[in-house]
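# Analysis of the macromolecular model
If you want the building blocks of each chain, they are given just below.
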Amino acid sequence: MNTMSMKPALILVFTISFFALAVALWLIKWVMAKDTGTADMRRISDAIKSGAEAFLSRQNRTIVALAGVLAIIIFVLYAFVRHHNEHDPASPMVLALCTTISFAMGAACSVIAGYIGMWVSIRTNIRAASAARNSLNDALQIALRGGAVSGLFVTAMSLLGIGGLFAALKLMGFDYSRIPFMIVGYGFGASFVALFAQLGGGIYTKAADVGADLVGKVEAGIPEDDPRNPAVIADLVGDNVGDCAGRGADLFESTAAENIGAMILGVGLIPFFGWQGVLFPLVARAFGILASIFGIMIVKTDEKGDPMQALNRGYYLTSLLAALGFAFAAWWLLSSDKLPHAWIYFTACGLIGILTAQAFVYITQYYTEYKYRPVLTIAEASKTGPATNIIAGVAVGLECTAIPVLVISTAILASYYLGLKALGTGAMGGLFGTAVATMGMLGTAAYILAMDTFGPITDNAGGIVEMSRQSEQIRKKTDRLDAVGNTTKALTKGYAIGSAALAAFLLFSAYLDEIFNYTGKRIAVDLAKPEVFIGAMLGAMLVFLFSALAIRAVGKAAYDVINEVRRQFKEKPGIMKGTEDPDYGQCVDIVTLGALKAMVMPGILAVAGPIVVGLVFRQFITAADTTIAAEAVAGMLMVGTITGIMMALFFNNSGGAWDNAKKYIETGAHGGKRSEPHKAAVVGDTVGDPFKDTAGPSLHVLIKLLATITLVLAPLFL
């Protein structure tokens with residue numbers, strides 16, 4: 001294939017990406033033109049806005065400083081420490097520069113995408129709250145379209161970054177088969193930022209939430225979002241920095257890492273399809289962005305309609321259009337004279353990914369909504385106190401790992417064997433088939449992220465309505481949207497872990513493929529070797545230790561918030577009477593400092609783990625076993641990934657189930673609010689908060705960070 005033949009595919013990717021950014025900018029303009037409500041509403045919104053921007057600014061400065069240090073380390077290791085290999089895609093200095101620059105670009109794009117998404121969400125909340133005074137549909141559309149800005153920026157910038165690096169290196173004369181190995185740093189940079197963004201935002205949001213709930217609801221007996229609670233603004237800020245900025249960075253790195261991993265596997269298809277197998281991931285994902293735009297724009301409801309049904313209609317349309325786009329991309333790029341029907345099998349792999357995404361949505365609904373057995377069981381257990389509530393919640397969390405594992409296993413096996421049939425020879429087609437299934441699952445990522453950001457926007461809108469003392473009729477509308485937002489946040493966590501699981505297999509395969517390209521040897525992960533077994537154990541341990549540090553950080557920061565809220569209630573008795581204003585800023589400052597300090601250690605642990613294992617076992621290399629260090633790291637990656645998936649499922653679904661058991665009781669069941677079962681359910685929800693919003697989402701990122709860091713540093717382990 002000549003160079004000119006690549007141009008239509010690259011032009012298509014860039015055109016759709018820029019179109020998505022243009023739509024995002026139009027949505028910003030559309031949302032910003034909406035009414036901003038009363039002076040009281042604006043005062044509360046401004047407090048949320050200033051708190052969120054202050055935290056994210058300080059967090060990003062910390063992340064940029066850490067990323068700068070790591071970029072220097074990567075450059076030094078590539079340029080001066082590792083030995084040149086005849087299989088290297090470029091000279092040591094060129095490889096060092098490409099890896100470092102792509103790392104910096106991935107980190108920068110992730111920071112920008114996360115910041116823009118949150119910038120819009122903290123300005124959309126008041127507009128959604130104001131719109132609820134007139135129309136449920138207006139509030140729904142404003143909240144979703146405000147959230148869509150994040151989804152479109154994340155997915156478009158991921159494609160532009162990778163596509164831009166690919167095009168630039170191709171113009172510089174590098175062979176397209178080597179370029180994917182030269183830009184693996186992009187995924188690592190995105191993963192690095194995502195880990196700290198999700199971890200810092202998760203610690204912030206849950207420390208504030210726990211502090212506000214325990215003192216406000218349980219001790220003082222005041223409602224959620226009551227303006228008398230000194231921690232309420234910090235709680236509302238936390239929704240944005242955790243669910244908007246954090247999840248945006250999470251899905252940005254999912255798409256970036258998956259695209260690069262699939263391109264690496266696509267190199268193995270060059271004998272069959274030429275450059276098309278390498279660029280297919282970018283083209284397929286571009287059509288997914290177009291599908292998401294159509295899905296977002298058709299969402300609407302009426303005053304008596306169900307907002308969740310409206311969002312589901314948009315999601316189904318997005319899935320259908322993404323499937324059609326996928327089929328066209330496969331027909332265009334994954335067929336040749338040798339294999340004229342291969343595209344049909346790969347299209348089926350993409351459909352498996354789309355169906356897997358939908359399956360995870362339904363599984364998450366079953367385990368976290370209070371119309372189903374798991375949550376009702378926890379609510380029932382609350383009648384006999386907090387201990388039985390927690391026992392029931394832990395049991396649900398452990399149970400909920402079974403069905404997702406069966407779904408993931410089925411998706412991997414089915415896509416693998418369809419990929420084998422597509423090529424008819426060797427394992428490469430099977431591995432690429434699983435990569436295509438992952439692309440299918442992430443094809444609707446822009447719409448999913450719009451639904452995720454919809455959650456904190458509607459949560460904030462409800463808080464603004466409550467704190468500005470709007471009428472009960474308006475509060476009922478925002479409550480309906482808030483309830484839907486809670487569901488969409490839970491669903492996107494299920495989607496994120498499902499896509500992480502599929503992407504983890506893809507990235508593990510890409511790691512083994514990269515080792516082959518650097519050494520000419522296919523390695524196996526032999527747990528009978530002590531070095532590999534130790535690496536595997538360290539991978540499992542890393543997940544548990546990381547989770548412990550994340551949850552402990554929430555507990556410590558929440559402890560400080562609780563003491564501050566108690567102090568204000570004690571020293572300012574007028575707060576409860578409504579004659580004195582609480583000091584919201586003090587709680588915001590406490591949580592900000594606590595989150596930023598606490599996120600550093602688990603983040604460093606996650607980055608350093610694979611590096612230390614690889615470099616230590618590199619000393620065990622012998623003439624008879626030149627890849628033992630790479631194999632030990634593969635063991636760490638494999639077992640760490642499996643353990644991380646199980647733990648993330650446990651944390652996400654048990655936390656969501658505890659939360660909705662509390663909400664179910666608040667509807668009037670088992671005595672309703674302020675009853676003993678309700679107090680027990682609040683305790684269970686408090687235990688589940690750091691599970692579902694700190695440790696669980698952070699493990700999504702950890703799984704992919706382990707994969708991307710091994711992809712970047714694989715040459716150092718040889």
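As a starting point, this report considers the structure included with it. Computed from a predicted model, the values in this text were never measured in an experiment.

## Points about the side chain of Gln365
Tracing the sequence through the fold places Gln365 in helix α11 (residues 342-368). For Gln365, a relative accessible area of 12% gives the class buried.

## Details of the packing of aromatic side chains
Here the structure, examined in full by the defined rule, presents 25 aromatic pairs. Between Phe287 and Phe328 the ring centres are 5.7 Å apart and the planes differ by 85°, which places this aromatic pair in the edge-to-face class. Of this pair, Phe287 sits in helix α9 (residues 276-297) while Phe328 sits in helix α10 (residues 307-333); the two residues are 41 residues apart in sequence, bridging distant segments of the chain. The class of Phe287 is buried, set by a relative accessible area of 14%. For Phe328, a relative accessible area of 40% translates into the label partly exposed. Taking the centre distance of 5.0 Å and the plane angle of 80° together, the rings of Tyr366 and Tyr367 count as edge-to-face. A relative accessible area of 28% places Tyr366 in the partly exposed class. Here a set of aromatic residues connected by ring pairs shows up, and it is made of Phe272, Phe273, Phe280, Phe326, Phe346 and Phe432. Over the ring of Trp30 we find Arg145, and its NZ or CZ is 4.6 Å from the ring centre.

## Things to note about the pattern of salt bridges
Taken as a whole and assessed by the stated rule, the structure comprises 25 salt bridges. A salt bridge links Asp693 to Lys206, with the nearest nitrogen and oxygen atoms 2.9 Å apart. Taken together, the positions of Asp693 in helix α22 (residues 676-713) and Lys206 in helix α6 (residues 185-220) put the pair 487 residues apart, joining distant regions of the chain. The exposure classification of Asp693 matches that of Lys206, with both residues buried. Between Arg475 and Glu466 there is a salt bridge; the shortest N-O distance is 3.7 Å.

## Observations regarding the layout of surface pockets
Within this model, the second largest pocket holds a volume of roughly 290 Å³. Sorting the residues of the lining of the second largest pocket by element identifies α14 (402-423), α17 (472-519) and α21 (628-666) as the ones contributing at least two each. Residue contributions to the lining of the second largest pocket peak at six residues, all from α21.

## Some points on the packing of helix α2 (residues 39-81) against helix α20 (residues 584-618)
Their axes nearest at 11 Å, the elements α2 and α20 cross at an angle of 25°. By the angle class used here, α2 and α20 are roughly parallel. Note on packing geometry: the crossing formed by α2 with α20 is right-handed. Where α2 approaches α20, its residues Gly51, Phe55, Arg58, Gln59, Thr62, Ile63 and Leu70 are matched on the opposing element by Val588, Thr592, Leu593, Ala595, Leu596, Met599 and Val607. In terms of residue class, the contact of α2 with α20 is built from nine nonpolar, four polar and one charged.

## Examining empty space enclosed by the protein
Enumeration according to the criterion identifies four cavities of 30 Å³ or more in this entry. Empty space within the largest cavity amounts to approximately 70 Å³. What lines the largest cavity is simply Leu56, Gln59, Asn60, Ser110, Val111, Gly114, Tyr115, Val193, Ala197, Ala245 and Ala249. The dominant element in the lining of the largest cavity, judged by the number of residues it contributes, is helix α3 (residues 92-131), at four residues.

Scoring rules and cut-offs
Residues numbered from 1 in each chain as written. Predicted model: local features only at pLDDT ≥ 70, side-chain atom pairs only at ≥ 80, totals over all residues. Heavy atoms only, no water. Helix = DSSP H or I, 4+ residues; strand = E, 2+ residues; numbered from the N terminus. Buried < 20%, exposed > 50% of the residue type's maximum accessible area, 1.4 Å probe, protein only. Phe/Tyr/Trp six-rings, centres within 6.5 Å; stacked < 30°, edge-to-face > 60°. Lys NZ or Arg CZ within 6 Å of the ring centre and 35° of its normal. Salt bridge = Lys/Arg side-chain N within 4 Å of Asp/Glu carboxyl O. 1 Å grid on protein atoms, 1.4 Å probe; cavity = no way out; pocket = protein on both sides within 12 Å on 5 of 7 lines; lining within 4 Å. Points joined across faces, edges and corners; volume = space filled by probe spheres on them. Axes fitted to C-alpha atoms, helices over the stretch in contact; angles between N-to-C directions. Parallel < 35°, antiparallel > 145°, perpendicular 65-115°, else oblique. Left-handed = near helix turned anticlockwise from the far one by under 90°. Contact = heavy atoms within 4.5 Å. Nonpolar A, V, L, I, M, F, W, Y, C, P; charged D, E, K, R; others polar.

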